[in-house]
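Listed below are the residues making up each chain.
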Amino acid sequence: MTSTQINDARPAPVKEQAAPAPNRRPLARRMRDWLTAFSFTVPALLLFALLVLTPILYALYVSFFNWGGFGAPSDFAGADNYTRLFGDPVFLGDLWRGLLLVLASVGLQLPFALAMAVLLNQKLRGRAVYRMLFFAPYVLSEVITGVLFSMIFAPDEGLADKVLGSIGLDGLGGLWFADQDWVLPTLFLVMMWKYFGFHMMLYLAGLQGIPPELHEAARIDGANAWQRFRNVTLPLLGPTIRISAFLSVIGAIQLFDLVWVTTQGGPDHQSETMAVSLFQFGFKRYQIGYASAISIAMFLISLVFAVAYQRYVLRRDTEGALTNMRATR
């Protein structure tokens with residue numbers, strides 16, 4: 001072959017194609033999208049500012065006054081209400097009792113709810129009826145629950161004392177809500193009866209979202225029931241457990257209805273919570289400035305806990321949700 005034929009046989013050089021220009025939406029369309037999103041969020045933001053931010057800011061303002069609730073606040077007290085707050089043994093006791101209720105809720109109520117959820121997730125005869133019965137107390141209002149258990153735990157004449165007496169355990173009966181040593185455990189029993197069904201249903205929903213193939217694979221690999229629960233169920237149920245614990249803690253911090261109906265914080269403040277103290281000072285003693293300081297303290301405690309919990313406990317769950325949202329765009 002001649003050199004001319006060899007050159008003709010060579011493939012023609014491939015022209016480099018220019019990279020496609022980025023798909024940039026017109027500015028007018030982007031502005032229209034932003035205005036549409038803004039128009040949908042403005043009503044929610046206005047309601048949030050009116051119903052949440054405004055009361056918080058007004059309570060903060062009032063907390064710097066000695067005010068009885070009539071007329072405009074005029075007796076400026078500075079930080080006296082907050083100084084009084086953290087020097088008040090009743091309020092410090094409220095903090096301690098709130099901590100005990102939080103620990104009891106997380107350490108006793110949630111494991112019991114989880115155990116019942118695991119049990120009722122099995123193929124049991126009549127499990128739908130059991131689920132309904134355990135969830136039914138949560139449907140009742142706190143006032144009805146408080147009145148009901150005030151009668152059940154009435155000294156001597158209540159159902160609890162009569163049942164214990166009928167089986168020969170008279171010595172276990174007592175004053176219940178009227179006893180300084182027993183009022184808090186009794187109150188927690190009522191709380192547990194009222195709220196554990198809600199957490200049980202949360203766990204049931206989480207359990208039903210776990211693919212059964214994972215348990216089957218673990219069973220084939222030789223894992224027993226406890227190993228399957230510890231290595232398969234618990235890790236996959238982690239997000240549900242973390243949300244349940246968060247709701248339980250916030251609910252214990254803000255507990256009011258059950259306490260007020262059953263004991264009104266007595267006897268001798270032994271069942272009082274921060275919310276009950278707030279109500280006592282604000283609506284019984286008309287010390288609105290001091291009650292506002294209590295409300296700000298409750299708000300800050302809840303806020304700090306919520307932010308820290310989301311930052312250090314829920315971080316992995318929220319990051320996963322954001323990653324999935326970005327991937328579907």
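Each remark here, short or long, concerns the structure printed above.
For clarity, every value in this text was computed on a predicted model and none was experimentally measured. (Residues numbered from 1 in each chain as written. Predicted model: local features only at pLDDT ≥ 70, side-chain atom pairs only at ≥ 80, totals over all residues. Heavy atoms only, no water.)

Trainee: Which residues make up the packing of aromatic side chains, and what values do they have?
Mentor: Overall, the coordinates contain 24 aromatic pairs when judged by the stated rule. On the numbers, 4.9 Å between centres and 50 degrees between planes, the contact of Phe153 with Trp176 is tilted. Separated by 23 residues along the polypeptide, Phe153 in the loop between α6 (142-152) and α7 (159-166) and Trp176 in the loop between α7 and α8 (183-208) bring together distant segments of the chain. Under the relative-accessibility criterion, Phe153 is labelled buried at 9%. (Phe/Tyr/Trp six-rings, centres within 6.5 Å; stacked < 30°, edge-to-face > 60°. Helix = DSSP H or I, 4+ residues; strand = E, 2+ residues; numbered from the N terminus. Buried < 20%, exposed > 50% of the residue type's maximum accessible area, 1.4 Å probe, protein only.)

Trainee: Outline helix α10 (residues 225-253), supporting the account with residue identities and numerical values.
Mentor: Taking 1.5 Å of rise per residue, the 29 residues of α10 would be expected to cover 42 Å, yet its terminal C-alpha atoms sit only 36 Å apart, more than 12% below that figure. At Gly238, α10 shows its strongest bend, of approximately 55 degrees, with the proline Pro239 following within four residues. N-capping of α10 is provided by Asn224, with a side-chain oxygen placed 3.3 Å from the backbone N of Trp226. (Expected span 1.5 Å × (residues − 1). Bend = angle between axes of the 7 residues up to and from the residue. Polar contact = N/O pair within 3.5 Å; in protein donor to acceptor, adjacent residues only side chain to side chain.)

Trainee: Can you tell me about α6, naming the residues and giving the values?
Mentor: For α6, every residue scored as buried is listed here: Thr145, Gly146, Phe149 and Ile152. Buried residues in α6, looked at end-on, bunch into an arc of 125 degrees, giving them a common side. On the buried face of α6, the contacting elements are α7, α8 and α11 (257-262). (Arc of directions from axis to C-beta. Contact = heavy atoms within 4.5 Å.)

Trainee: A description of a nonpolar patch on the surface should follow, citing residues and the corresponding values.
Mentor: Together, Leu47, Phe48, Leu50, Leu51, Val52, Leu53, Leu57 and Leu60 make up a nonpolar patch on the protein surface, roughly 750 Å² of accessible area in all. Counting through the fold element by element, Leu51 comes out in helix α2 (residues 27-62). By relative accessible area, which is 60% here, Leu51 ends up exposed. (Patch = residues over 30% accessible without salt bridge, like charges linked within 9 Å, V, L, I, M, F, W, Y side chains within 5 Å. Areas by Shrake-Rupley, 256 points an atom, 1.4 Å probe, with all protein chains shown as cover. Salt bridge = Lys/Arg side-chain N within 4 Å of Asp/Glu carboxyl O.)

Trainee: Tell me about the packing of α8 against α10, and please be specific about residues and values.
Mentor: Where α8 contacts α10, the two axes come as close as 9 Å, and the packing angle between them is 155 degrees. Judged by the inter-axis angle, α8 sits roughly antiparallel to α10. In this structure, α8 meets α10 at a crossing whose hand is right-handed. For the pair α8 and α10, contact is made by Phe198, His199, Leu202, Tyr203, Gly206 and Leu207 and by Thr233, Leu237, Thr240, Ile241, Ser244, Leu247 and Ser248, respectively. For the contact of α8 with α10, the per-class residue count stands at seven nonpolar, six polar and no charged. (Axes fitted to C-alpha atoms, helices over the stretch in contact; angles between N-to-C directions. Parallel < 35°, antiparallel > 145°, perpendicular 65-115°, else oblique. Left-handed = near helix turned anticlockwise from the far one by under 90°. Nonpolar A, V, L, I, M, F, W, Y, C, P; charged D, E, K, R; others polar.)

Trainee: Report on the pattern of salt bridges, specifying residues and quantitative values.
Mentor: The tally for this structure, following the rule as stated, stands at four salt bridges. Residues Lys162 and Glu157 are paired through a salt bridge, measuring 4.0 Å at the closest nitrogen-oxygen approach. Residue classification places Glu157 among the exposed positions, given a relative accessible area of 61%.

Trainee: Describe the environment of Ile288, and please don't skip the residues or the numbers.
Mentor: Looking at where Ile288 falls in the secondary structure, it is placed in helix α13 (residues 288-312). Measuring from C-alpha to C-alpha, the distance between Ile288 and Phe70 comes to 9.5 Å, with 218 residues separating the pair along the chain.

Trainee: Which residues make up unusual backbone geometry, and what values go with them?
Mentor: Residue Pro267 follows Gly266 across a cis peptide bond; omega there is -5 degrees. Looking at the secondary structure, you find Pro267 in the loop between α11 and α12 (274-284). Non-glycine residue Asp268 carries a positive phi angle of around 55 degrees. Here Asp268 shows up in the loop between α11 and α12. Taking relative accessible area as the criterion, Asp268 reaches 52% and is therefore assigned exposed. Despite not being glycine, His269 shows a phi value in the positive range, around 65 degrees.

Trainee: I'd like a rundown of the nonpolar core, residues and numbers included.
Mentor: One finds Leu85, Phe91, Leu101, Phe153 and Met200 to be the most contacted residues of the largest nonpolar core, which totals 57 residues. Top contributing element to this core by residue count: α8, with 13 residues. Setting aside chain neighbours within four positions, we find Met200 in contact with Ala113, Met116, Ala117, Leu120, Arg131 and Phe134. (Core = buried A, V, L, I, M, F, W, Y, C linked by side-chain atoms within 4.5 Å.)

Trainee: Break down the packing of helix α4 (residues 89-120) against α8 for me, with residues and values.
Mentor: Where α4 contacts α8, the two axes come as close as 7 Å, and the packing angle between them is 45 degrees. Our classification of the angle between α4 and α8 gives oblique. Two packed elements cross with a definite hand, and for α4 against α8 that hand is right-handed.

Trainee: Which residues make up the side chain of Thr273, and what are the values?
Mentor: Following the sequence through the fold, Thr273 ends up in the loop between α11 and α12. Assessed through its relative accessible area of 3%, Thr273 is described here as buried. Within the structure, Thr273 has its side chain in polar contact with the backbone oxygen of Leu255 (distance 2.8 Å). With residues up to four places along the chain from it excluded, the contact list for Thr273 reads Asp94, Leu101, Leu255 and Val259.

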